[in-house]
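# Observations on the model geometry
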Amino acid sequence: MSDGLPSFGYAGAFVPSRSRKKRKGKGGVRSVQPSVLMDRTMEEIATGDWLQQCKEYVKDCLDTLQIKSPEVLSLGLGSPVLSRDARAQLAFLLAVCDGLSIDRTSVSIYDPVFTDEDIDLLDTLRVTRLTEDKRAAYRLRAPTLVFMPHCDVQLYENLLRENWSQAGLPNLVLIANRLSEYADNVPTRKLSVEHPCVWRLTVARYLAARALPICPAYPTAFNNTSIQYARVSDIGGVGDEWWELPLAHAPGAANFADARRERDLPS
């Protein structure tokens with residue numbers, strides 16, 4: 001990037017490692033292969049009724065919006081090989097897609113922290129890896145389920161801004177941090193200036209949200225995570241000025257790099 005700013009930040013506390021060295025067990029090779037860890041994680045999140053309940057929440061949302069076959073986009077996941085929580089989040093996303101009969105090749109995923117081992121794992125899982133870093137500013141051409149767990153608020157703002165229109169917002173179903181908490185916890189002047197899309201949707205209560213229940217096996221992977229969408233029918237009566245945005249705020253490095261803190265335990 002010409003401006004030198006890092007692209008992705010995390011609201012949680014995971015610092016991905018760039019090392020390509022394999023972790024070794026007593027025999028000099030990795031004790032558990034990433035694919036085995038992934039299978040184990042998928043089994044763990046399927047234990048009990050948590051996953052089925054979450055699947056029903058997602059399906060209810062899509063039914064309400066009359067969306068039958070959404071596209072799927074995952075951003076800012078983190079490293080599923082190095083991060084236990086990121087692996088659980090990926091397992092959840094794939095399980096939801098399987099439940100909705102969405103082919104895994106239709107799932108697009110991007111995070112600049114992916115290691116070579118992550119790439120191998122994602123290829124094995126048959127998901128589509130994106131290569132261009134758009135800092136979450138993806139234009140949604142069709143109804144899309146966007147999965148952005150524990151990302152920085154600037155990334156949510158970038159995604160909303162790129163789709164900020166009466167035609168664009170209905171395409172977005174977001175599984176991410178509950179955006180209304182920013183309105184509750186960030187000073188109004190700061191939020192309205194730096195993140196006007198998040199502020200306008202939340203302060204006017206135009207955002208519908210349903211929180212995911214706490215996952216017993218991975219409580220930190222899905223905390224503060226909600227299924228959210230704009231109630232566009234309620235927005236229909238607002239004036240043109242509501243859709244007019246100021247020039248994009250240029251975030252400092254702290255909005256991205258400084259948001260990366262240790263959020264996970266070793267696998």
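Bear in mind the structure is a predicted one, so any value in this text is a computation, not a measurement.

Rules behind the numbers
Residues numbered from 1 in each chain as written. Predicted model: local features only at pLDDT ≥ 70, side-chain atom pairs only at ≥ 80, totals over all residues. Heavy atoms only, no water. Axes fitted to C-alpha atoms, helices over the stretch in contact; angles between N-to-C directions. Helix = DSSP H or I, 4+ residues; strand = E, 2+ residues; numbered from the N terminus. Parallel < 35°, antiparallel > 145°, perpendicular 65-115°, else oblique. Left-handed = near helix turned anticlockwise from the far one by under 90°. Contact = heavy atoms within 4.5 Å. Nonpolar A, V, L, I, M, F, W, Y, C, P; charged D, E, K, R; others polar. Expected span 1.5 Å × (residues − 1). Buried < 20%, exposed > 50% of the residue type's maximum accessible area, 1.4 Å probe, protein only. Pairing = 2+ DSSP bridges. Right-handed = clockwise from strand over helix to strand, strands pointing away.

## Re the packing of helix α2 (residues 50-64) against helix α3 (residues 84-99)
The interhelical angle for the contact between α2 and α3, taken along N-to-C directions, is 60 degrees, at an axis separation of 10 Å. With respect to their mutual orientation, α2 and α3 come out oblique. As α2 runs across α3, the sense of the crossing is right-handed. Contacts from Trp50, Leu51, Cys54, Lys55 and Val58 of α2 reach α3 at Phe92, Ala95 and Val96. Taken together, the residues that form the contact of α2 with α3 break down as seven nonpolar, no polar and one charged.

## Digging into α2
Residues separated by three or four positions in an α-helix point in the same direction, a consequence of the helix having 3.6 residues per turn. In this model, α2 (15 residues) spans 21 Å end to end at C-alpha, consistent with the 21 Å of a helix rising 1.5 Å per residue. Looking at the buried positions of α2, the neighbouring elements they touch are α1 (34-45), α3, β4 (144-148), β5 (172-177), β6 (207-211) and β7 (225-230). Looking one or two places after α2, you find Gln66, whose phi comes out positive at around 55 degrees.

## Overview of unusual backbone geometry
Although it is not a glycine, Gln66 sits at a positive phi angle of roughly 55 degrees. With respect to the helices, strands and loops of the structure, Gln66 is situated in the loop between α2 and β1 (71-75). A relative accessible area of 73% means that Gln66 is categorised as exposed.

## Points about the pairing of β4
Across the five residues that make up β4, a large majority, five, are buried. For β1 and β4, the ladder comprises four bridges, and the chain directions are parallel. Bridging across to β4, Ser74 finds its partner in Phe147. This β-α-β element, β4 to helix α5 (residues 153-162) to β5, shows right-handed connectivity.

## Notes on the sheet that holds β6
A sheet is described by the order of its strands in space; here seven strands give the open sequence β3-β2-β1-β4-β5-β7-β6, paired in mixed fashion. At either end of the open sheet lies a strand with only one pairing partner, and these are β3 (128-129) and β6. In this sheet, β7 lies alongside β6 in antiparallel orientation, the contact comprising five bridges. Bridging from a neighbouring strand, Leu207 pairs with Ala230 of β7. Strand contacts of α2: β4, β5, β6 and β7, with the helix running at about 0 degrees to β7, the strand carrying the most contacts.

Keep in mind these values describe shape, not function.
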